[in-house]
Amino acid sequence: MTTSGAKLLRRPGEPRRSNFLELFFDLVFVVALAQLSQGLIQDLSWSGACQTLVLLLAMWWIWTITAWTTDLYDPQQPAIQLLVTATMLGSLLMVVALPDAFGERGLVFAGVYVAMHIGRQLFLVLALRGHELQRRTIRLLFWFSVSAVPWIAGALVPGTARGVLWTLAVAVDYTGGFLRFPTPGLGRSRRLEWSVGAEHLAERYRQLFIIALGELILVTASSLTRSGFAADRTVAFVVSFVGTALFWRIYIQPAGELLPAAIAAAPDPDRLARSALAAHLIMLAGIVATAVGDELVIAHPLGHTPPAWVAILLGGPALFLAGLARFEYRVFSRVSRNRAIGLLVLAALTPAMLFSPPLLAALAAAAVLAGIAVTDAARARGRPPEPSPPR
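None of the values given here were measured: they were computed from a predicted structure. (Residues numbered from 1 in each chain as written. Predicted model: local features only at pLDDT ≥ 70, side-chain atom pairs only at ≥ 80, totals over all residues. Heavy atoms only, no water.)

## Focus: the packing of aromatic side chains
- Counting across every chain of the model gives 14 aromatic pairs.
- Geometrically, the ring pair formed by Trp-61 and Tyr-174 is tilted, given 4.5 Å between the ring centres and 35 degrees between the ring planes. Here Tyr-174 lies in helix 7 (residues 159-178) and Trp-61 lies in helix 3 (residues 46-72), a separation of 113 residues in the sequence.
- Classification of Trp-61 as buried rests on a relative accessible area of 6%.
- Three or more aromatic residues link up through ring pairs in this structure, and these residues are Phe-102, Phe-109, Tyr-113, Trp-151 and Trp-166. (Phe/Tyr/Trp six-rings, centres within 6.5 Å; stacked < 30°, edge-to-face > 60°. Helix = DSSP H or I, 4+ residues; strand = E, 2+ residues; numbered from the N terminus. Buried < 20%, exposed > 50% of the residue type's maximum accessible area, 1.4 Å probe, protein only.)

## Section: the nonpolar core
- Trp-63, Phe-109, Trp-151, Trp-166 and Phe-320 are the most contacted members of the largest nonpolar core, which totals 108 residues.
- With 14 residues, the single largest contributor to this core is helix 3.
- If near-sequence neighbours (up to four positions away) are discounted, Trp-151 is found in contact with Ala-58, Phe-109, Ala-110, Tyr-113, Val-114, Trp-166, Ala-169, Val-170 and Asp-173.
- Formed by six residues, the second largest nonpolar core is a distinct cluster that contains Leu-40, Ala-289, Val-292 and Trp-309. (Core = buried A, V, L, I, M, F, W, Y, C linked by side-chain atoms within 4.5 Å. Contact = heavy atoms within 4.5 Å.)

## Side note on the pattern of salt bridges
- Overall, the coordinates contain six salt bridges when judged by the stated rule.
- Residues participating in the shared-partner salt-bridge network are Glu-328, Arg-339, Asp-376 and Arg-379. (Salt bridge = Lys/Arg side-chain N within 4 Å of Asp/Glu carboxyl O.)

## Here we look at empty space enclosed by the protein
- All told, the structure shown has five cavities of 30 Å³ or more when counted by the stated rule.
- Lining the largest cavity are 16 residues, and of these Thr-290, Asp-294, Pro-317, Ala-362 and Ala-365 sit closest to its centre.
- For the lining of the largest cavity, the secondary structure elements donating two or more residues are helix 9 (231-265), helix 10 (269-299), helix 11 (307-332) and helix 13 (358-380).
- The leading source of residues in the lining of the largest cavity is helix 9, at five residues. (1 Å grid on protein atoms, 1.4 Å probe; cavity = no way out; pocket = protein on both sides within 12 Å on 5 of 7 lines; lining within 4 Å. Points joined across faces, edges and corners; volume = space filled by probe spheres on them.)

Below you can see the structure in the form of structure tokens.
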């Protein structure tokens, strides 16, 4: 093991907390989520939704690898700070390219994505010369090199072919992570190489969720600014804000508060941390959809509601609840009944909302979320905090 490589790692037993650099890095994702919601609102179709999902998965993977990097490596080290800052710059370039990623800026988006992932792993391979964790970094470098082929090839072709190749590239990236990056000659990473800091990762998930809610606030405020303070639009703005507040209230208690203890107590912390990662991705997709719905309802609170609008207005909260249910199951080994009831009510309301104004659909979604928040509070009143059971 080289001395320089060992210095980059967090010390065993040292508290793992997120720092201001990581919060600074998260700011890029406020803009990214806003760009994604704007892209979806301009192409509210199945094709637009698929493209938005591919771009969201790419941005989420950048955030994920960065979070897991700062969980293992000491963010107080200048080299790691430089690495995170360079990743932030690259992410910002990708965000600028996002609106036209499936157009003329596809090569910028894919090229920066590939350069960031491969560049980061090359740096760590060199920095960890002689260290046992260098093999883990080589595995990641191999998988990012494989996915680079469809990423770059997709950027060089237009239309549907780009969507197919980029979907393949995303699938390669996520499959590698799910399988712990099996590599010819090296096998796949041992679980010991992916030991996680429960406090750090849980804090990073919660911070990004709050950042994502900040994007909802940004969208609603901007929409009302453009639309003016007409009575119906102001009511729509208030309903949208209430929905955002209910997202926070339902998420943070109790599962969000108990995630660190659940990861620390789990026999397989790595597996729980990955499952929480997937759950937060689903919730994040729900927030992007909700941002689109908020902008639509503030701009056009009354009148006809097209089917695509209904899907967005009710589908955003439904995705949030689905992700939360998965999250809650991983923390408590059960799902609260009101999550399932909420999903069923949203589905049952869908046909009626096709004949209602957008504002009524937004009110219905907010009412469902309010019912869940109220029943959560009633269940928790007078009871001690629910423990997270060992898994």
